[in-house]
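Overview (structure and organization)
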Amino acid sequence: MEAAGGEDAISFQDEAVDKNIFKDCSKIGFYRRQKLIPRKNTYRALLDSVTSGKDSTKFQIINEVNKVPLLAEVCGIEGNIFRFKISEMAPLKPRYEVSDVLIQKPVTKRLTPYTGDTGVLVLKDDSVHVELHITANPFTIDLISEDEPVLSINSMGQLYFEHLQMPPKHSRPSTECEEDVSTDPSQESQDDLGLWQEKFGKFLDIKANGPSSIGIDFSLHGFEHLYGIPQHAETHQLKNTGDAEAYRLYNLDVYGYKLHDKLGIYGSIPYLLAHKLDRTIGIFWLNASEMLVEINIQPTIEHTLSPKGSVLAKQKVKARADVRWMSESGIIDVFILMGPTPAAVFKQYSILTGTQALPPLFSLGYHQCRWNYNDEQDVKDVDAGFDDHDIPYDVIWLDIEHTEGKRYFTWDKKKFPNPKRMQELLKSKKRKVVVISDPHIKVDPMYSLYSQAKEKGYFVKNNRGGDFEGICWPGASSYLDFTNPKVREWYSSLFAFSEYEGSSDILFVWNDMNEPSVFRGPELTMEKNAIHYGNWEHRDLHNIYGFYQQMATAQGLIQRSKGKERPFVLTRSFFAGSQKYGAVWTGDNVSEWGYLKISIPMLLTLSVAGIPFCGADVGGFIGDPEPELLVRWYQAGAYQPFFRGHATMNTKRREPWLFGEEHTKLIREAIKERYALLPYWYTLFYRAHVASEPVMRPLWVEFPNELETFGVEDEYMLGSALLIHPVTEPKITMVDVFLPGFVEVWYDFRTFVHWEGARTLKVPIALDRIPVFQRGGSVVPMKTALGRSTGWMTHLPYELLVALDTKGSAKGELYLDDGHSFQYLHQKQFLHRKFLFCDGILSSSCADENGHYHSECVIEKILILGINKQPSSVTTSSSDGQEKQVVFTYCSKTAVLHLEKLSLNVGANWEIHVK
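Here we summarise the structure given alongside this text.

The rules behind these values
- Residues numbered from 1 in each chain as written.
- Predicted model: local features only at pLDDT ≥ 70, side-chain atom pairs only at ≥ 80, totals over all residues.
- Heavy atoms only, no water.
- Helix = DSSP H or I, 4+ residues; strand = E, 2+ residues; numbered from the N terminus.
- Rg over C-alpha atoms; globule rule 2.2 N^0.38 Å.
- Buried < 20%, exposed > 50% of the residue type's maximum accessible area, 1.4 Å probe, protein only.
- Areas by Shrake-Rupley, 256 points an atom, 1.4 Å probe, with all protein chains shown as cover.
- Contact = heavy atoms within 4.5 Å.
- Pairing = 2+ DSSP bridges.
- Axes fitted to C-alpha atoms, helices over the stretch in contact; angles between N-to-C directions.
- Expected span 1.5 Å × (residues − 1).
- Phe/Tyr/Trp six-rings, centres within 6.5 Å; stacked < 30°, edge-to-face > 60°.
- Lys NZ or Arg CZ within 6 Å of the ring centre and 35° of its normal.
- Salt bridge = Lys/Arg side-chain N within 4 Å of Asp/Glu carboxyl O.
- Parallel < 35°, antiparallel > 145°, perpendicular 65-115°, else oblique.
- Nonpolar A, V, L, I, M, F, W, Y, C, P; charged D, E, K, R; others polar.
- Disulfide = S-S within 2.5 Å.

**Topic: the overall build of the protein**
Counting its secondary structure elements, the protein contains 16 helices and 56 strands. Over its C-alpha trace the protein gives a radius of gyration of 29 Å, about what one expects of a compact globule, namely 29 Å for 915 residues. When its C-alpha atoms are laid out on the principal axes, the protein stretches across 90 × 85 × 55 Å. Taking all 915 residues of the protein together, 63% fall into the buried category. For the protein, the exposed surface amounts to about 34000 Å²; the carbon and sulfur share of it is 51%.

**Observations concerning unusual backbone geometry**
Most peptide bonds take the trans configuration, and most residues that are not glycine carry a negative phi. At the junction of glycine 339 and proline 340, the peptide bond is cis and its omega measures out at 15° in the coordinates. The linkage connecting glutamate 515 with the following residue, proline 516, adopts the cis geometry, with an omega of 5°. Here proline 516 is to be found in the loop between strand E30 (507-511) and strand E31 (531-532). One non-glycine residue, asparagine 80, lies in the positive phi region at around 70°. Note that asparagine 80 resides in the loop between strand E3 (69-77) and strand E4 (81-88). One non-glycine residue, methionine 513, lies in positive phi territory at about 60°. As for its position among the elements, methionine 513 is in the loop between E30 and E31.

**Notes on helix H12 (residues 627-637)**
Most of H12 is tucked away: ten of the eleven residues are buried. Within the sequence span of H12, burial applies to Glu628, Leu629, Leu630, Val631, Arg632, Trp633, Tyr634, Gln635, Ala636 and Gly637. On its buried face, H12 is in contact with strand E24 (366-368), helix H11 (593-608), strand E36 (643-645), helix H13 (661-676) and strand E38 (716-718).

**Considerations on the sheet that holds strand E27 (residues 440-442)**
Read from one edge to the other, the open sheet built from three strands follows the order E27-E29-E28, with strand pairing classed as antiparallel. Edge positions in the sheet fall to E27 and strand E28 (469-472), since each of these pairs with one other strand and no more. On average, each strand axis in the sheet is inclined to that of its neighbour by 55°, with strand direction left out of account.

**Quick word on H13**
A rise of 1.5 Å per residue sets the reference length of H13, with its 16 residues, at 22 Å; its end C-alpha atoms lie 22 Å apart and thus fit the reference within 8%. Listed as buried for H13 are His663, Thr664, Leu666, Ile667, Arg668, Ala670, Ile671, Arg674, Tyr675 and Ala676. On its buried face, H13 sits against E24, H12, E36, helix H14 (678-691) and strand E45 (778-783).

**Some thoughts on the packing of aromatic side chains**
For the structure on display, the rule yields 50 aromatic pairs. Ring pairing ties together the aromatic residues Phe362, Trp397, Phe508, Trp510, Phe568, Trp585, Phe613, Phe642 and Phe685, which thus form one cluster. Here the basic side chain of lysine 528 rests over the ring of tyrosine 250, its NZ or CZ set 5.0 Å away from the ring centre.

**What to know about the pattern of salt bridges**
Under the definition given, this model contains 58 salt bridges. Across the pair lysine 318 and glutamate 148 runs a salt bridge, and its minimum N-O distance is 3.5 Å. Pair noted here: lysine 318 is in the loop between strand E21 (314-317) and strand E22 (320-327) and glutamate 148 is in strand E10 (residues 148-153), with a separation of 170 residues, a long-range link. Here aspartate 817 and arginine 566 are joined by a salt bridge, their closest N and O atoms 3.1 Å apart. Highlighted residues: aspartate 817 in the loop between strand E47 (810-816) and helix H16 (823-826) and arginine 566 in the loop between helix H10 (545-560) and strand E33 (569-571), separated in sequence by 251 residues.

**Remarks on the sheet that holds strand E25 (residues 395-398)**
Overall, parallel pairing links the eight strands, which are arranged E35-E34-E33-E30-E26-E25-E24-E36 in an open sheet. A single partner strand is all that each edge strand has here, and the edge strands are strand E35 (614-615) and E36. Bridge count for E30 against E33 is three bridges, and the pairing is parallel. If you follow tryptophan 510 over to E33, its bridge partner there is leucine 570. Against the sheet, helix H6 (residues 419-428) contacts E25, strand E26 (432-436) and E30, and its axis sits at roughly 140° relative to E26.

**Details of the environment of glycine 840**
With respect to the element layout, glycine 840 can be found in the loop between strand E48 (831-838) and strand E49 (841-846). Apart from the residues lying within four places of it in its own chain, the contact partners of glycine 840 are Ile912, His913 and Val914.

**Section: the packing of H11 against H12**
H12 packs onto H11 with a crossing angle of 10° between their chain directions and a minimal axis gap of 10 Å. Regarding the angle of H11 to H12, the classification is roughly parallel. In this structure, H11 contributes Trp593, Tyr595 and Leu596 to the contact, and H12 contributes Glu628, Leu629, Arg632, Trp633 and Ala636. By residue class, the composition of the contact of H11 with H12 is six nonpolar, no polar and two charged.

**Comments concerning the side chain of serine 504**
By the secondary structure assignment, serine 504 is in the loop between helix H8 (485-493) and E30. Serine 504 sits in the buried class, given a relative accessible area of 16%. Ignoring any residue separated from it by four or fewer positions in sequence, one finds serine 504 in contact with Gln423, Phe497 and Arg560.

**Some words on the pairing of strand E15 (residues 225-228)**
Of the two faces of E15, the one lined by His225 and Tyr227 and the one lined by Leu226 and Gly228 are each fully buried. Relative to strand E17 (residues 271-276), E15 is paired through four bridges, and the arrangement is antiparallel. Across the sheet, the residue bridging to histidine 225 is histidine 275, located in E17.

**Structural notes on the environment of valine 317**
Relative to the elements of secondary structure, valine 317 occurs in strand E21. Residues valine 317 and isoleucine 301, 16 residues apart in the sequence, show an inter-C-alpha distance of 5.3 Å.

**Thoughts on the state of the cysteines**
Considering all chains together, one arrives at zero disulfides under this definition. Unpaired in this structure, cysteine 369 has its nearest cysteine sulfur neighbour in cysteine 472, at a distance of 17 Å. In this structure cysteine 614 is a free cysteine whose sulfur lies 18 Å from that of cysteine 369, the closest cysteine sulfur available. Look at cysteine 614 and you get buried, because its relative accessible area is 0%.

**Looking at the environment of threonine 353**
Here threonine 353 shows up in helix H4 (residues 342-353). The class of threonine 353 is buried, set by a relative accessible area of 0%. Apart from residues lying up to four places away in sequence, threonine 353 is in contact with Val101, Ile103, Phe284, Gly577, Gln579 and Lys580.

**Digging into the packing of H13 against H14**
Remark: H13 packs on H14, axes separated minimally by 5 Å, with the N-to-C direction vectors making an angle of 55°. Between H13 and H14, the interaxial angle falls into the category oblique. Here Arg674, Tyr675 and Ala676 of H13 lie close against H14, whose contacting residues are Leu678, Pro679 and Trp681. Class assignment of the residues belonging to the contact of H13 with H14 gives a composition of five nonpolar, no polar and one charged.

In short, the description is geometric, and any link to function would need to be established separately.
Structure below.
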């Protein structure tokens, strides 16, 4: 939560830390109804109702208690994906279905129906050798791949579907569990079950549509390692929930969130991955209401059976993970991603929700932020401070205090009297500015943005038909209804230079407080019975609200450049598909070691859940970090995708040069390491954009067949080439680094000393570095020199770090374009090069013939690691057949071959022969 000035704001911050502001599961009505009421499986599939078409197979499911029929639909989707939907046959009114998240209507394929055993319908997808066995009574679906059961739906009988009803007059409403409630006097009262109204503290949620929750269970056969469903301040590997709290997905403004807690925080991605030695699968639950996920993992065990004669028999019980999904409203709409590899699941998810937008290059540099830089002189001084201390940076950020009284799209005329001149200064240094734009709009008839929105009817409504008003930073505020396409179109138009006075083409945007945050609302958010476009209640779409704001903001930045320039938009609230519009961060963390440590699993979880452009506030937003912690956080942040230092207003200033020369030097070195690796970073983001590969990867993604990697979360892979182990504890002199891979070799990224994989290495640690290792068999492109920002580095030479594997081979790639426009997409203005070292020859060739981009850049230097003997000669040959001798040096102690003064054009084909 970005803070506001004054004593009231500070006391509010202290209040917001109070966990009692937020619900635990026992206070959530639909959870109590689904979880606490005992019942048997009451659903039966009516197989005589089956209709099968080219797009889907449909059939009815009947609730044996209340006889309300449901419509089920199963379809196969190209790419080894299956979709399963359940809704009401004839609802009193439409139920909310999520739109705009899927990038296109999925390409379906026909599933061939077969009659199986009695009471079983079999649907076959012969192209991927998958069968779906639909059992009538009790209703279940089993997905069988290669004759092995992979996943079962409703095998535990937890399908739950509350049908819409007329409001009760004198008698209580019926529920799915009507018989259980009426016959068990020990059950809670109807009010306690939250059917038509629900109390929490001083708030009363009146439900015009009554109870409408849904739920179902999934059994994952052979799986005991689950990941995903961000955002929580929790471990990367999901834990058993047991009788404790379920994982909650409900976007909330939780200031200084508690560590190792399953409370939902700023964003929600209802997407879970399961992994085992021979398979990875995914479950994508397309629903935007509040949801809870319960997990029960039963590991593989061996039972000793009774002795037969003199022999003891053993029975192996296969692992299984049971996942129960519950949502407050909407329909059941779930996609099963059948993998079978991690890469295949990532691709399948991107087929549905899209890939990471290719960010502008500057956004991969370092960002300097504070709530708030005071005025234009402060901005000028901070900017000069980076130059004075030889520290590169790309972006300075302005928080809410830069506006006129928290009115977004304005400037405080005293503090920022000439914002264009300020931006011209930054532009002359090839730097950018990011300003904040929140969804709450100050209630002020004299504020043109407010008066326009009010006149057009663009605000969220309360349940009485008037504009919803809540308290946020400006005081009384109304909230733009971003779910309305017309509101998004209008909001996008506000970023035009003619509309946004004082803005320029180096100004980019930060969407904050968009859960949405409402200071005096239930759980500090919007009341669930507020009304959105289409007459939908806020409860139906709460988790997607921030997604829509970021969408509109990104579109606005694209439009202001007439479609030529890539946007950069950071958002705090997010949903599945937010990767298409920009970056995400982990919100209001604290300047403590535990928050540095938890940032790694939090970012790994975001990464595998489709959001590769993610980061955590360096140094911690809340509090004053000790110098050691700050240095360690910079060292970690330099190797994480989004790299921003940030702090709240009541903290001490913490620009990198304020902690003494020794600490300044260490922070400078960490930031410079980031800039040296920008060619590698940019290439990784290109891979994320075109191939849905995570940038920051848990070890199990790169080593899916090594059980030892499945639970590792204190280190990770950056792409496939670099292993990073941040230091997250104070005053330590040694860390244990696990080097995976039985056939791998790993090189220290700085000393080039190498070790074989499949071992835990004790690495001595000083404050000047964290362990970074390069994987044998990789090529990492870097810059030989640095500039004051990314803009100064365009023409600087490259170097290649070639690390040989046990077979003496290596491969890698480099992606290059202009770094800011869409010409890479529309005019194919890009270079994609691949490097290969094999049999003593290092070659550069074109990886994509469609790309054509002229660059004067050269590869000036190459280091080849793992050359076991000094070569007799090294020569280069280019595409024109010319050969040249290369001056080289060889270090037998480190087995490193240094090639310098090469001047090989980055876009040319060439070979280097090492003899």
